[in-house]
Amino acid sequence: MASPALKPQPVSPLEFDPTIYHITEGQNGTQLNIDDFCLWYGATQALHNNTLKIERGLVTALIGPSGCGKSTLLRSLNRMNDLIDGLRVSGSITLDGEPLFGPQVDVIALRKRMGMVFQKPNPFPMSIAENVTYPLKIDGVTDRKILAEATEAALRGAALWDEVKDRLDQSALGMSGGQQQRLCIARAIAANPDVLLMDEPCSALDPIATLKIEELIDELRGSYTIVIVTHNMQQAARISDNTAFMYLGRLIEYGATETMFTNPKGRRTEEYITGRFG
Amino acid sequence: MTDITADRPVRTSVTFVRAKGSDVSAVGEPFIWGMGGALAFGVIMILGFLALVIINGLVTFWPKPLEEVRLSDGRSFVGEPVRVETYRPSPDQLSKLSDEVKAKILSDGGFANRSLYRIGNFDFYNNDFQWVADFEVAGRSKPADLYLVERQEWGVFIGKITAVRAGDESLENPTYNQINAHFDEARSLRAERARIERVEIGEINHRLNAGRLEIRRAVLDAGGDENAPSVRRITDKVAAERVDLDRRFQEAGQKVNDVRARDGRFSVSLTEVGGQTKTLPLSSLVRFYQPNKLGPGESLAIYGSRWLEFIIAEPREANTEGGVMPAIFGTLVMTIVMSLIVAPFGVITALYLREYAKQGTIVSIVRISVNNLAGVPSIVYGVFGLGFFAYILGGNIDALFFPERLPNPTYGTGGVLWSALTLALLTVPVVIVATEEALASVPRSMREGSLACGASKWQTIKWIVLPRAAPGIMTGLILAMARGAGEVAPLMLVGVVKLAPELPIDFTFPYVHLERSFMHLGFHIYDVAFQSRNSEAGRPMVYVTTLILIGVVLVLNVFAIQVRARLKKRFQGSQF
Ligand SMILES: Nc1ncnc2c1ncn2[C@@H]1O[C@H](COP(=O)(O)OP(=O)(O)OP(=O)(O)O)[C@@H](O)[C@H]1O
Ligand SMILES: [Mg+2]
């Protein structure tokens, strides 16, 4: 536990040093390019000038203390924040070079390229198979054969096939929490997206279910660009290739996970990773 | 286990007993008592009401014994005891009594008991009921040979069956079985006659009328020119059909006369205790039995057959006898049509208000107005329904589609459709409020999950939000149905009638006739209670009809609750 003496004092924005980058352009190329991105909820600014390049095919972890804007940044990537009144953004984010914000962007098409997994499992009130094929249903696919193949592929991809292959037409609400979360991952990958966004996918799960999800993320590495928000330092260290540390809406330090955990440059990064605040 | 005494001293005195007189309100107990009391009061009121209706409703049809009452002045009468009450005889009634009786009454504080008897035989006595004071009675007995006869006309007869005739054969003082031997045949002949009159002749009349309307229509289409060739053609066609119809009408009439002649061979003579006799066709009896001879099994059979008649037969004798089938049917049809209208209407409104409209002052005003609609007196809806739906909408529909029937209105007067619409208007706030609540309670995570998959807002609503909100919407619909089925006042203006000649759904094309006026259980209750010849005779019917109305609402609700339970199981599950 952090002792009171080490608690960070409120700081003025001017006190922040520029972001420390250990990497700028990885060898796999950039999938998502976040450039000088700021975001306001009404009058309060939640993100301040974030700039980072998320590498294609790797797992990028977003870490930082509660309320630092991890979810906000993640949800900006598939524009889930659009639902909120009074939201403003500046700067830019591009997916494979195409801008995400702008009047001509088709948000629906954009979201189809980005699967999202939420903190709490949110299976739909339908059968397991219908849950998995929901993205295809949206696209108007009705061919039973295609749907069945997609179901199996996605469930295998989410390491759930063997557990549920006999109860595909049962309600998804009857599954365990860990199974439900893997089902949500299966649903996210059924649409065959480029990017998977995960917002604390294990926080509602027990250690064994967490382990399964971590193994699954490990398997998905390479096939998808994964951005994962986590509070669990060990988890970030275990599963991610790159780590971004955020604090009060700012990107403090960004680099390969190994570097970040063994040799952090920023004072706050070090304090947070060693568990002295957060 | 660790030794806690090592680092903490052991507490020796324990004081967690509440001190006497400590403030009870601090723990909120008076409020809990208050709330519990209010609940108990409400429950008792409801249970008391239900018990009153159920008990009175259930005993009505049980056959009761007949008593012969001999009065001290030598007269006598026979009747079914209804109830006993205490009353205060008037002074001039008292003055006519013997001193002994008078002293007795005065010693009771001027009160005496009197009994009400249902004496029937309205055609002889001009009265169905009679009060008799206990001091007038010389003796009571229960003669076994007395009959209680329910008749198609004139209500019940109480007395003796002195003769039964079948053709030339005549039996004096017949036994029950001897009468019954002919009864079934006579009854089936009557039923056959009714069927021919209603179905066959009814159909012929319907077609004759249709032909007449066709000619009028053709004349109207030809701009009023009765000699136009198009009119000629139709007139000729209808005339040709008419020949055939007239012939069939003759045949049917002949058939009816045949049956009536056969039926007329059976007759019974009924003699009341005073000796007056009346001879009736046997088929005009509905049911007869000897109440004082009945065993429990026979009583039960009569009880059952009366309930059956009540539920499946049509009313007789200004609704005080017979059944309430048209009213049950009308209530059901109207309530279902209303639900079919109110459900989509309310759900769409709520969807727009909650999901699409920009939340702000205007939406708040709309919402408050909708909620306040529920407080408008229902008769106002009736007036609106009559003026707007029946006269304006219906009048225009008639002018456009049924000009040949004018000045007789088709849609331009009250009917099932207009009633259902009026009640839909009355109950739509309930559905809107419930739906909005149900929509609001759909977890955000579900919507986000769907949107994150790339679904549009409408797809999300259609596939995720609405199914998930369905149980809540059903709750609103259940409330609306209960409210709608029990509403009477507005219906009296927009389509409910005392006696509807035809049902809103029947076997004549196009089978569903929503323009027809209909009967309704709620109105039926009002009608028998306040509009019938004799409030005493109507009273049991009020209870029974109320029981049926409660039953109908219950059945509708149980059905809707079942649907809701299935929706809930399917769409909400249990999540831990
Ligand atoms: N809808 C909203 N309206 C206004 N402010 C918001 C909204 N959502 C988040 N915020 C604010 O934005 C800041 C960042 O929130 P965010 O949810 O991104 O934090 P987080 O890093 O995900 O925290 P946690 O680890 O607790 O999930 C917080 O100060 C929060 O109060
Ligand atoms: Mg968060």
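Conventions adopted
- Residues numbered from 1 in each chain as written.
- Chains lettered and ligands numbered in written order.
- Predicted model: local features only at pLDDT ≥ 70, side-chain atom pairs only at ≥ 80, totals over all residues.
- Heavy atoms only, no water.
- Phe/Tyr/Trp six-rings, centres within 6.5 Å; stacked < 30°, edge-to-face > 60°.
- Helix = DSSP H or I, 4+ residues; strand = E, 2+ residues; numbered from the N terminus.
- Buried < 20%, exposed > 50% of the residue type's maximum accessible area, 1.4 Å probe, protein only.
- Lys NZ or Arg CZ within 6 Å of the ring centre and 35° of its normal.
- Core = buried A, V, L, I, M, F, W, Y, C linked by side-chain atoms within 4.5 Å.
- Contact = heavy atoms within 4.5 Å.
- pLDDT = per-residue confidence, 0-100.
- Pairing = 2+ DSSP bridges.

Take the packing of aromatic side chains next. All names here are of chain B. Summed over all chains, the structure comprises 20 aromatic pairs over all chains. Both rings, one in Tyr 147 and one in Phe 288, keep their centres 6.3 Å apart while their planes meet at 55 degrees; by these two values the pair is tilted. Of the two residues, Tyr 147 sits in strand β6 (residues 147–151) while Phe 288 sits in strand β11 (residues 285–289), which places them 141 residues apart along the sequence. Its relative accessible area of 3% is what places Tyr 147 among the buried residues. An aromatic cluster is present here, built from Tyr 147, Tyr 176, Phe 183 and Phe 288 joined pairwise through their rings. Taking NZ or CZ as reference, Arg 88 lies 4.7 Å from the ring centre of Phe 111, over its face. Above the face of the Phe 266 ring, Arg 265 is positioned so that its terminal group lies 5.2 Å from the ring centre.

Core analysis: the biggest nonpolar cluster contains 58 residues, and Trp 307, Phe 310, Leu 521 and Ile 548 of chain B have the highest contact counts within it. Those elements that place two or more of their residues in this core are α7 (296–312), α8 (325–356), α9 (361–373), α11 (416–440), α13 (457–486), α14 (491–494), α15 (521–530) and α16 (535–571) of chain B. It is α16 of chain B that provides the largest number of residues to this core, a total of 12 residues. With residues near it in sequence (within four places) discarded, Ile 548 of chain B still touches Trp 307, Phe 310, Ile 311, Ile 328 and Leu 521 of chain B. Ala 154, Tyr 247, Ile 252 and Ile 273 of chain A belong to the second largest nonpolar core, which has 46 residues in total.

On to the confidence of the model for chain A, then. All names here are of chain A. Looking at chain A, pLDDT values average 86 and 94% of them are 70 or higher. Within chain A, no element has a lower average pLDDT than strand β1 (residues 20–21), which sits at 84, and none a higher one than strand β9 (residues 225–229), at 94. Segment residues 1–11 is flagged for pLDDT under 50; beyond a separation of four residues in sequence, or across chains, it makes eight contacts in the model.

As a further point, take the pairing of β6 of chain B. Residues and elements named next belong to chain B. Of all five residues that make up β6, five are buried, and the element is covered over most of its length. Alternating residues of β6 divide into Tyr 147, Val 149 and Arg 151 and Leu 148 and Glu 150, and every residue in both groups is buried. Connecting β6 to the next strand, strand β7 (residues 156–166), in antiparallel fashion are four residues, including Trp 154 with a positive phi near 70 degrees. Pairing of β6 with β11 involves four bridges; the strand directions are antiparallel. Counterpart to Val 149 in the pairing with β11 is Phe 288.

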